[in-house]
Amino acid sequence: MSREPGVKRLVWVKAREDALRPITLHEARHSAASYLIEAGLNDLELTSTIGHSDPRTTKAIYGHLFPDSRTVIAAKMDAYLGGAEEAI
């Protein structure tokens with residue numbers, strides 16, 4: 001039996017028993033915050049969305065999710081300064 005090119009075969013894999021365990025509201029909140037960080041929300045936007053009163057609280061809880069923030073900041077600064085040099 002031949003298949004058309006690009007057609008994938010579906011394979012059923014037995015999931016772990018705990019794989020479909022419902023998550024708690026607290027876990028959902030952390031998941032949402034993680035996705036928002038990956039989507040590019042800055043600290044103040046995230047703080048407001050999550051409902052914290054202080055960005056320091058947000059950073060203390062979710063700071064580990066920003067592992068490459070210094071790299072991103074450096075790249076933005078390089079791009080800005082590079083653009084400023086071209087304008088001179």
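Scroll up a little and you will see the structure.
Time to look at the overall build of the protein. Along its length, the protein carries four helices and zero strands. Counted from the first residue to the last, the protein has its helices and strands arranged as α-α-α-α. In the protein, which comprises 88 residues, the proportion classed as buried is 10%. Nonlocal contacts in the protein, meaning residues at least 24 apart in sequence, comprise 26% of its contacts between residues at least 6 apart.

Further remarks concern the nonpolar core. Among the nonpolar cores identified, the biggest contains six residues, and these are Ala 33, Ile 37, Leu 46, Ile 50, Tyr 62 and Phe 66. Secondary-structure elements contributing two or more residues to this core are α1 (25–39) and α2 (43–50). Not counting residues up to four positions away in its chain, the partners in contact with Ile 50 are Arg 29, Ala 33 and Tyr 62.

A word on the packing of α1 against α2. Contact geometry of α1 with α2 gives a least axis separation of 11 Å together with a crossing angle of 155°. For the element pair α1 / α2, the angle class is roughly antiparallel. Helix-helix and strand crossings are classified by hand; for α1 and α2 the assignment is right-handed. Two secondary-structure elements touch here, α1 through Arg 29, Ala 33, Leu 36 and Ile 37 and α2 through Leu 46, Thr 49 and Ile 50. Taken together, the residues that form the contact of α1 with α2 break down as five nonpolar, one polar and one charged.

On the secondary structure map, Thr 58 appears in helix α3 (residues 55–62). For Thr 58, a relative accessible area of 2% puts it in the buried group. Side chain to side chain, Thr 58 and His 52 meet in a polar contact 2.7 Å long. Apart from residues no more than four positions distant in its own chain, Thr 58 is found in contact with Leu 46, Thr 47, His 52 and Gly 63.

For the structure on display, the rule yields two salt bridges. Where Asp 43 meets Lys 59, a salt bridge forms, and the shortest distance between an N and an O atom there is 3.8 Å. Of this pair, Asp 43 sits in helix α2 while Lys 59 sits in helix α3, and the two are 16 residues apart along the sequence. For Asp 54, the salt bridge goes to Arg 56, with nearest N and O atoms at 2.7 Å. Look at Arg 56 and you get exposed, because its relative accessible area is 65%.

The rules behind these values
- Residues numbered from 1 in each chain as written.
- Predicted model: local features only at pLDDT ≥ 70, side-chain atom pairs only at ≥ 80, totals over all residues.
- Heavy atoms only, no water.
- Helix = DSSP H or I, 4+ residues; strand = E, 2+ residues; numbered from the N terminus.
- Buried < 20%, exposed > 50% of the residue type's maximum accessible area, 1.4 Å probe, protein only.
- Contact = heavy atoms within 4.5 Å.
- Core = buried A, V, L, I, M, F, W, Y, C linked by side-chain atoms within 4.5 Å.
- Axes fitted to C-alpha atoms, helices over the stretch in contact; angles between N-to-C directions.
- Parallel < 35°, antiparallel > 145°, perpendicular 65-115°, else oblique.
- Left-handed = near helix turned anticlockwise from the far one by under 90°.
- Nonpolar A, V, L, I, M, F, W, Y, C, P; charged D, E, K, R; others polar.
- Polar contact = N/O pair within 3.5 Å; in protein donor to acceptor, adjacent residues only side chain to side chain.
- Salt bridge = Lys/Arg side-chain N within 4 Å of Asp/Glu carboxyl O.

It is worth stressing that arrangement in space is one thing and function is another; only the former is reported here.
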